[in-house]
Protein chains: 2
Amino acid sequence: MNGAQALMKTLADAGIEVCFSNPGTSEMHFVAALDSEPRMRAVLALFEGVATGAADGYARMTGKPAATLLHLGCGLGNGLANLHNARKGKVPVVNIVGDHATHHVPFDAQLQSDIETVARNVSPGFVRTSKTTATLCGDAVAAIQAARGLPGQVATLILPADVSWGEGGTPCPPPPAPAPPPADDASVAAIASAIRSGGKTALLLGGNALREPALLAAARIAAQCGVKLFCEVFPTRLERGAGLPAVERIAYLAELATLQLTGIEHLVLVDAKPPVSFFAYPGKASELVPDGCRVHVLATPAQDAGASLDRLAAALGATQATPALQPVARPTRPRGRLSAAKVCKAVGHLLPERAIVIDEAITSGLLLGTMTAGAPRHDLLTLTGGAIGQGLPNAVGAAIACPDRPVIALVGDGSAMYTLQALWTMARERLDVTTIIFNNASYSVLNVELERVGADAAPGPKARSQLDLHDPVLDFCRLAQGMGVHAARADTAESFCKALEYALAHPGPHLIEAVVPESLGGAKRRVLPWLLRSLPNLPLPVARALKRKIAP
Amino acid sequence: MNGAQALMKTLADAGIEVCFSNPGTSEMHFVAALDSEPRMRAVLALFEGVATGAADGYARMTGKPAATLLHLGCGLGNGLANLHNARKGKVPVVNIVGDHATHHVPFDAQLQSDIETVARNVSPGFVRTSKTTATLCGDAVAAIQAARGLPGQVATLILPADVSWGEGGTPCPPPPAPAPPPADDASVAAIASAIRSGGKTALLLGGNALREPALLAAARIAAQCGVKLFCEVFPTRLERGAGLPAVERIAYLAELATLQLTGIEHLVLVDAKPPVSFFAYPGKASELVPDGCRVHVLATPAQDAGASLDRLAAALGATQATPALQPVARPTRPRGRLSAAKVCKAVGHLLPERAIVIDEAITSGLLLGTMTAGAPRHDLLTLTGGAIGQGLPNAVGAAIACPDRPVIALVGDGSAMYTLQALWTMARERLDVTTIIFNNASYSVLNVELERVGADAAPGPKARSQLDLHDPVLDFCRLAQGMGVHAARADTAESFCKALEYALAHPGPHLIEAVVPESLGGAKRRVLPWLLRSLPNLPLPVARALKRKIAP
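Since the structure is predicted, the reported quantities are computational estimates derived from the model, not experimental observations.

Asker: Residues and numbers for the overall build of chain A, please.
Answerer: A tally of regular secondary structure across chain A gives 22 helices and 18 strands. On the principal axes, the C-alpha backbone points of chain A span a range of 70 × 60 × 45 Å. Residue burial in chain A is summarised as follows: out of 552 residues, 65% are buried. Of the roughly 17,500 Å² of accessible surface on chain A, a fraction of 56% belongs to carbon and sulfur atoms. Separation between the mean location of the 49 positive side-chain charges and that of the 46 negative ones in chain A comes to 8 Å.

Asker: Can you explain the sheet that holds strand 9 (residues 238–240) of chain A? Please cite residues and give values.
Answerer: Residue and element names in this part refer to chain A. Spatial strand order, 9-14-13-15-16-18-17: seven strands in an open sheet with mixed pairing. Only two strands of the sheet have a single neighbouring strand rather than two, namely strand 9 and strand 17 (486–490). Direction aside, neighbouring strands of the sheet carry axes that sit 20° apart on average. The pairing of strand 16 (residues 433–439) with strand 18 (residues 510–515) spans six bridges and is classified as parallel. Bridge pairing links Thr434 to His510 in strand 18.

Asker: For the interface of chain A and chain B, give the residues involved together with the corresponding values.
Answerer: With 102 residues of chain A at the interface, the matching set in chain B holds 102 residues. Summing the contributions of chain A and of chain B, the shared interface buries around 8,500 Å²; its carbon and sulfur component is 59%. By the criterion of area lost to chain B, the three top residues of chain A are Gln110, Lys462 and Gln466 of chain A, representing 9% of everything that side buries. Here chain A and chain B share six salt bridges between them. Between Lys273 of chain B and Asp108 of chain A there is a salt bridge, with the nearest N and O atoms lying 3.5 Å from each other.

Asker: Pulling in residues and values, what's your account of the packing of helix 4 (residues 72–88) of chain A against helix 4 (residues 72–88) of chain B?
Answerer: At a minimum axis distance of 8 Å, the contact between helix 4 of chain A and helix 4 of chain B shows a crossing angle of 165°. Considered as vectors, helix 4 of chain A and helix 4 of chain B are oriented roughly antiparallel to each other. Viewed along their axes, helix 4 of chain A and helix 4 of chain B form a crossing whose handedness is left-handed. Packed against helix 4 of chain A, whose contacting residues are Gly73, Cys74, Gly77, Asn78, Leu80, Ala81 and His84 of chain A, the element helix 4 of chain B presents Gly73, Cys74, Gly77, Asn78, Leu80, Ala81 and His84 of chain B at the interface. Its residues assigned to classes, the contact of helix 4 of chain A with helix 4 of chain B comprises six nonpolar, eight polar and no charged.

Asker: Tell me about the packing of aromatic side chains, residues and numbers included.
Answerer: Think of a pair of aromatic rings as described by two things: how far the centres are apart, and how the planes are tilted against each other in angle. Counted by the stated rule, this structure contains 13 aromatic pairs over all chains. Aromatic pair Phe234 of chain B and Tyr252 of chain B: ring centres 6.5 Å apart, planes at 65°, arrangement edge-to-face. One end of the pair, Phe234 of chain B, is in the loop between strand 8 (228–231) and strand 9 (238–240); the other, Tyr252 of chain B, is in the loop between strand 10 (248–249) and helix 10 (254–261), and 18 residues separate them in sequence. Taking relative accessible area as the criterion, Tyr252 of chain B reaches 26% and is therefore assigned partly exposed. Connected via pairs of aromatic rings, a cluster forms that spans Phe47 and Tyr418 of chain A together with Phe47 and Tyr418 of chain B.

Asker: Tell me what's going on with the UniProt feature "domain: Thiamine pyrophosphate enzyme N-terminal TPP-binding" (unreviewed entry) in chain A, and back it up with residues and numbers.
Answerer: The positions UniProt marks with the feature "domain: Thiamine pyrophosphate enzyme N-terminal TPP-binding" (unreviewed entry) are residues 1–111 of chain A. In residues 1–111 of chain A, helix accounts for 44% and strand for 18%; the two terminal C-alpha atoms are 28 Å from one another.

Asker: Quick one: what's the story with the side chain of Gln390 of chain A, residue by residue and with numbers?
Answerer: Residues and elements named next belong to chain A. As for its position among the elements, Gln390 is in the loop between strand 14 (378–382) and helix 14 (391–401). Note on Gln390: relative accessible area 0%, which makes it buried. With sequence-adjacent residues up to four places away left out, Gln390 is seen in contact with Arg60, Asn82, Asn85, Ile358, Glu360, Thr382 and Leu383.

Asker: Quick rundown of the pattern of salt bridges? Include the residues and the values.
Answerer: All told, the structure shown has 52 salt bridges over all chains when counted by the stated rule. Salt-bridge contacts for Arg377 of chain A lead to Glu212 of chain A; the nearest nitrogen and oxygen are separated by 2.9 Å. In this pair, Arg377 of chain A is assigned in the loop between helix 13 (368–372) and strand 14 and Glu212 of chain A in helix 9 (residues 212–225), connecting sequence segments 165 residues apart. With a closest N to O distance of 2.2 Å, Arg311 of chain B and Asp185 of chain B form a salt bridge. Of this pair, Arg311 of chain B sits in helix 11 (residues 305–315) while Asp185 of chain B sits in helix 8 (residues 185–196), and the two are 126 residues apart along the sequence. What emerges from the salt-bridge pattern is a single network uniting Arg211, Glu212, Arg237, Glu239, Arg377, Asp379 and Arg405 of chain A.

Asker: Go over the pairing of strand 1 (residues 18–21) of chain B, please, and point to the residues and values.
Answerer: Consecutive residues of a regular strand have side chains that alternate between opposite faces of the sheet. All names here are of chain B. Neither face of strand 1 is open: one carries Val18 and Phe20, the other Cys19 and Ser21, and all of them are buried. As paired strands, strand 1 and strand 2 (residues 41–44) are joined by four bridges and run parallel to one another. Its bridge partner being in strand 2, Phe20 is matched across the sheet by Val43. Note that the unit made of strand 1, helix 2 (residues 28–33) and strand 2 has a crossover that is right-handed.

Asker: Just give me the short version of the nonpolar core, but keep the residues and values in it.
Answerer: In terms of nonpolar packing, the biggest core is built from 252 residues, with Phe20 and Phe30 of chain A together with Phe20 and Phe30 of chain B touching the most fellow members. When sequence neighbours within four positions are dropped, the list of residues in contact with Phe20 of chain B reads Val43, Ala51, Ala54, Ala55, Tyr58, Ala66, Ala67, Thr68, Leu69, Val396, Gly397 and Ile400 of chain B. Listed in part, the 62 residues of the second largest apolar core include Ile191, Leu298, Cys344 and Ala375 of chain A.

Asker: Hey, could you go over the relation of the copies chain A and chain B for me, with residue numbers and the actual values?
Answerer: Turning chain A through 180° and shifting it by 0.0 Å along the axis lays it on chain B, with an RMSD of 0.0 Å. Given the turn and translation reported, the copies of this chain are related as if by a two-fold rotation axis. Taken together, the interface assignments show that 100% of the residues at the interface of chain A recur at the interface of chain B, consistent with an identical surface on both copies.

Asker: Describe the pairing of strand 17 of chain A, with residues and values.
Answerer: All names here are of chain A. Note: strand 17 against strand 18, five bridges, orientation parallel. Paired with Arg489 across the strands is Glu513, a residue of strand 18. As a crossover connection, the stretch from strand 17 through helix 20 (residues 493–505) into strand 18 is right-handed.

Asker: Which residues make up helix 8 of chain B, and what values do they have?
Answerer: All names here are of chain B. Across its 12 residues, helix 8 extends 16 Å between first and last C-alpha, which sits within 8% of the 16 Å expected from 1.5 Å per residue. Among all positions of helix 8, only Val188, Ile191, Ala192, Ala194 and Ile195 are buried. Take helix 8 and look down its axis: the buried residues cluster within an arc of 160°, on one side only. What points out from helix 8, more than 90 degrees from its buried face, is the exposed set Asp185, Ala186 and Arg196. Each element contacted by the buried residues of helix 8 is listed here: strand 7 (201–205), helix 9 (212–225), strand 11 (266–270), strand 12 (294–299) and helix 11. One or two steps after helix 8, the chain reaches Gly198, where phi turns positive at roughly 95°.

Asker: Explain unusual backbone geometry to me, and be specific about the residues and the numbers.
Answerer: The omega angle of the peptide bond from Asp471 of chain A to Pro472 of chain A is -5°, so this bond is cis rather than trans. Locating Pro472 of chain A in the fold gives a position in the loop between helix 18 (461–465) and helix 19 (476–482). Here the residue pair Leu150 of chain B and Pro151 of chain B is connected by a cis peptide bond, since its omega of -5° sits within 30 degrees of zero. Along the chain, Pro151 of chain B falls in the loop between helix 6 (133–148) and strand 6 (154–160).

Thresholds, definitions, all that
- Residues numbered from 1 in each chain as written.
- Chains lettered and ligands numbered in written order.
- Predicted model: local features only at pLDDT ≥ 70, side-chain atom pairs only at ≥ 80, totals over all residues.
- Heavy atoms only, no water.
- Helix = DSSP H or I, 4+ residues; strand = E, 2+ residues; numbered from the N terminus.
- Buried < 20%, exposed > 50% of the residue type's maximum accessible area, 1.4 Å probe, protein only.
- Areas by Shrake-Rupley, 256 points an atom, 1.4 Å probe, with all protein chains shown as cover.
- Lys, Arg positive; Asp, Glu negative; His and termini not counted.
- Charge placed at Lys NZ, Arg CZ, Asp CG, Glu CD.
- Pairing = 2+ DSSP bridges.
- Axes fitted to C-alpha atoms, helices over the stretch in contact; angles between N-to-C directions.
- Contact = heavy atoms within 4.5 Å.
- Buried area = accessible area lost by both parts, 1.4 Å probe.
- Salt bridge = Lys/Arg side-chain N within 4 Å of Asp/Glu carboxyl O.
- Parallel < 35°, antiparallel > 145°, perpendicular 65-115°, else oblique.
- Left-handed = near helix turned anticlockwise from the far one by under 90°.
- Nonpolar A, V, L, I, M, F, W, Y, C, P; charged D, E, K, R; others polar.
- Phe/Tyr/Trp six-rings, centres within 6.5 Å; stacked < 30°, edge-to-face > 60°.
- UniProt positions renumbered as here; feature names shortened; annotations may be inferred.
- Right-handed = clockwise from strand over helix to strand, strands pointing away.
- Core = buried A, V, L, I, M, F, W, Y, C linked by side-chain atoms within 4.5 Å.
- Least-squares fit on C-alpha atoms with pLDDT ≥ 70 in both.
- Expected span 1.5 Å × (residues − 1).
- Arc of directions from axis to C-beta.

As structure tokens, then:
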């Protein structure tokens, strides 16, 4: 048995049954070994960023890692952005990077480069180059253990070609399942005491605290003690919709997040970090926790969030409390000229049961949360690391993880162009994904950011051209058809609803190009930065009313 | 004057007049400063790999660096593969990577990551994070000096947002022009003596030794002394065609390269490395220099290759020798069903004057060199670092560098899908590029490599599926049209010639999808690995005859 065959068996024995790949010559023995292991499914991507983003989406939905297969340092570079998103989302990935044979390295051939230095960016906790065929499977088990520990991480195993082709590979048994501890008694008691003290308190839920059991425990605490429930700004996987507890997501815009947190005296973190501004802005604070607010940690990302919330609920006598659950509510069917808001409304109107919703719509998705709040129960996956190009690959992985569930990916035009090759894999694997592209021909968020950072009162033509995608306008229908994906274009709410109904009623993949005006177009875009600057200085009720106007 | 404005002036003063960009919020002050510097042209890419590959192509054709503008560690990751190609090609690039404001870094916001560790992969010689606005321009000058020294390199300057937006920026004067030394007297004398000794000698030319003056000096030496002229396997920029000295490129396949080098007793390196196998194969040597062959270094990449060859020519009394020049010769117009060979033949038949030819056709381009050898003088740019996805971005950069010259990019289907977004920039900038895609629906080279590495005598269905792009077949015409590029499909030699004539006669960009059978299809692909294994054991004349059959 060669190294690659032993590795394949070791992976499968540990429950790793999908490999998202884009191989080259140095990975050919791994490729040949695929057929030696019936449990392993190989999914080809036309670009490594698709493979890594798919591994991220798959793990978000299954809770266990997939493998990637990447070609040397350059392949890892191509896949880095979506591994970054996985890292920030605490998502387990077993990242396998092929390398030259060990004896070939000193010759500095064309593809030779320092792979480990790249890997450290996304795998600070586990980078290992396997040195011999005999030790390969032990290295793989260590990588699997690192990846699926709590918090989940991207573990990078570098696999030299001769270690892969060498004989004498010996499969290793899987590592023990992680057993994260819950919050200790002292922390639970201290936080219970803070909550009982009566100061205005909020739980900030992130990571694994956004799954049903944890949400229910949090909602019982809220019902019993009147605490507020926040959700981190970019959740890895949020279970939501009718019948589940509703949580308020912290806003992307720091100005709005500040408003949300105003008056909070105790902020309890549950698998979440204290909220900070996404970017820095001249003269503005990065920290968003209000002055005087005390921050408590109930569960770190290395602890069991659900069990910790159960313990807190018990300490507060909330175990039998009745949690408030989101009632069923859908927006009406939109009509007239299409806009980003109407797309979100249509999605809320039509969202099927048990959907997986992937939101990389950036500015165009502002209303998505509101419009789908009372829709049937669904999972929401978001842009955890801020590196665009996550949505389409995540959809590939989620659809492979959950073949019986519809996947709906909402993606901005700028983001979609980063990893559009994912459409080909959707077609090849016949995935039930409906992709909605918001085509507003703009890096719309950057038009806001250009003003928010105070870069220039009146940006010049060269600056403006860097944010504009009008010349030429992208035709996403042709792009999808070029990769074998059925596509339709909509510029009215009626045609959009019809296209979405068709897509949901027929096996995918489908793409709907929603032609919309810039989501923050015209006057609103010019007014928004001023408004955001003014908000914190306004009386709170006025500011809150305005906030609802901006991002209800 | 803020940091970004001072940086912009410093870049322009140093002759850096193009910035290939894909910015985000942390780069907004740099974007705003574009309009403060009339000499700076900003070219937007929809993906960072396009921006970095364009900077590579631009520098290959102008001999001076462009700037990139990338968004944090993830943007750098996306651009890494083409920076790798630039590094391996010794191409100067001033790589500017935006970062969070220095005071924002400790908060570990979503996009925070260790940028420097990624940058070290492609910029081992120069990575610097600028710490203050006051020192920014000095850092930039150091980066420019590092980039455009000999050998050229990718210098990475990390630009925190507050260093960019801070007031007190002071432009710095440009660094001195590099003045690389030629070979010293002792080396020249020793090599002249080796050549005079009568042993079979070859010059292996690489890097800057592949430009006209150096080629002429080498050809005079060849005419006077009977030495052979080789060219490195993947030249950064090779001037060739009718009227220029012809050089024999070292083959990609180690088996063929071994044959080319058989019998050489003295190998003289001129801005080139000793030839090594591209990949390692079980039981095969990585080094290709024959046993007993002495290797001499006339010029390292840090020396002036042309001046060194002039000195060697003088030492050999060859200064007045008449160099052999490639005569004018074009293949006839191809006819019948299209094949990769006929595409190459058509390009040779129709190649216009002063074209820039970019070859990332992988297996489909096997005959390109032969078919264009006697075509009008042109430049050839190749895949220096082996990281696919270079061809289309290189074409963008070359066309911006040389707006009065036609650019023809020949790209395999698998490679094209890595950085297809380059087509949009071609359309936006109205670049005179004709892209030829070889659509054989396969990672054809990997079918060969799978057998060459001896991975499996009979690859299984999962292994084969990893190399196959048939399901679904890509439609490159739709993909091009989706990005605003005129496109035509050809499956006969006649329709291909017509499409190419049209493209060359009308301002670009254009794309021609050449539907071809797998270049090494059927019986030939199965026979090739056996043949390659057998070649070194055959009598040399037989092997050479076979070699001409395989790759004439």
